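# Structural features, examined
Here's the letter readout for the chains.
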Amino acid sequence: MALRPSDLVLPMFVKEGLTEPAPIASMPGVVQHTRDSLRKAAAEAVAAGVGGLMLFGIPADKDERGSGADDPEGVVQLALRDLTAEIGDAAVLMADLCLDEYTLARSLWADHATGEVDNDATLERYASIALAQAAAGVQVVGPSGMMDGQVGAIRSALDEGGFSDVASLPTR
């Protein structure tokens with residue numbers, strides 16, 4: 001059986017604050033998109049027959065909580081709504097579900113008094129991110145963290161939030 005474009009998932013990066021696409025030095029030929037260039041590139045990928053798009057977001061602002069990760073106006077949620085309007089269901093829309101790009105320390109949720117990772121608090125954040133992405137139109141969330149219980153916490157949140165049709169596919 002031959003590999004077809006519909007079998008492929010294209011990773012796409014969108015960065016807040018850009019005025020034009022910016023090359024990613026460590027990934028030749030790959031760029032961080034503006035929301036406009038992302039829409040155009042997604043439409044081109046769908047026209048070429050690509051079956052899925054995996055969205056990664058880079059926010060302009062970071063904080064200790066990673067607030068942009070589940071903000072309805074966060075970069076990924078805005079881009080998901082853009083892509084849903086641009087391509088409809090012509091490709092499967094996926095999004096990375098993480099905190100590291102959104103936090104100042106580029107790490108999981110931690111108790112800043114002790115410096116220890118708080119697994120339960122991280123799971124709550126992951127659940128909130130999954131719900132924000134689902135509300136924005138994602139079809140598959142891709143948790144890339146490695147916290148104990150993340151898959152179950154995300155699945156429960158999606159089901160309880162009325163998004164039982166949104167899949168979860170851990171990416172690590």
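Above this text you will find the structure in question.
Residues take numbers from 1 onward in each chain, read along the sequence in its written order. Note on the predicted model: pLDDT of at least 70 is required for a residue's local features to be given, and 80 or more for side-chain atom pairs to be given and counted; whole-chain, interface and lining totals, by contrast, use all residues. Side-chain measures were taken over the full set of non-hydrogen atoms in the model, leaving aside hydrogen atoms and water.

### Concerning the packing of helix α1 (residues 35-47) against helix α2 (residues 75-87)
At a minimum axis separation of 10 Å, α1 and α2 run at an interaxial angle of 40 degrees. In terms of axis orientation, α1 runs oblique to α2. Of the two elements, α1 crosses α2, and the hand of that crossing is right-handed. Residue-level contacts link Arg35, Leu38, Arg39, Ala42, Ala43 and Val46 of α1 to Leu78, Ala79, Asp82, Leu83, Glu86 and Ile87 of α2. Residues are grouped as follows: nonpolar covers Ala, Val, Leu, Ile, Met, Phe, Trp, Tyr, Cys and Pro; charged covers Asp, Glu, Lys and Arg; every other residue, Gly included, is treated as polar. Counted by class, the contact of α1 with α2 contains 8 nonpolar, no polar and 4 charged residues. Note on method: axes are straight lines fitted to C-alpha atoms, helices fitted across the in-contact stretch only, with angles between N-to-C directions ranging 0 to 180 degrees. Numbering of helices and strands runs from the N terminus; a helix is a DSSP stretch of H or I covering at least four residues, while a strand is a stretch of E covering at least two. Oblique is the label for any angle not covered by the other classes, which are roughly parallel (under 35 degrees), roughly antiparallel (over 145) and roughly perpendicular (65 to 115). For any pair of crossing helices, the crossing counts as left-handed if the nearer helix is rotated counterclockwise from the farther one by less than a right angle, and right-handed if it is rotated clockwise. Only heavy atoms enter the contact rule, under which two residues are in contact if any of them lie within 4.5 Å.

### As for the sheet that holds strand β8 (residues 140-143)
At least two DSSP bridges between two strands are needed for those strands to be called paired. Taken in spatial order, the 7 strands line up as β2-β3-β1-β4-β5-β8-β9 in an open sheet, and their pairing is mixed. Both edges of this open sheet fall to β2 (22-23) and β9 (167-168), since each of them pairs with a single strand only. Taken together, the 2 bridges between β8 and β9 define a ladder with parallel strand orientation. When the bridges of β9 are listed, valine 140 appears paired with alanine 167. Across the sheet, α1 is in contact with β1 (9-15), β3 (31-33) and β4 (52-58); its angle to β1 comes to roughly 170 degrees. The strands touched by α2 are β1, β4 and β5 (92-97); relative to β4, the strand with the most contacts, the crossing angle is about 150 degrees.

### Things to note about empty space enclosed by the protein
Only protein atoms enter the 1 Å grid, on which a cavity is a set of points fitting a 1.4 Å probe that cannot get out and a pocket is an open set with protein on both sides within 12 Å along at least 5 of 7 lines, lining residues being those with an atom within 4 Å of a point. Grid points are joined across faces, edges and corners, and a volume is the space filled by probe spheres set on the points. Inspection of the entire model under this criterion finds 1 cavity of 30 Å³ or more. Taken as a whole, the largest cavity spans an internal volume of roughly 30 Å³. For the largest cavity, the full set of lining residues is Ala69, Val76, Gln77, Asp96, Leu97, Cys98, Tyr102, Ile129 and Gln133. Mapped by element, the contributors of at least two residues to the lining of the largest cavity are α2, β5 and α3 (119-136). Class assignment for the residues of the lining of the largest cavity results in 6 nonpolar, 2 polar and 1 charged.

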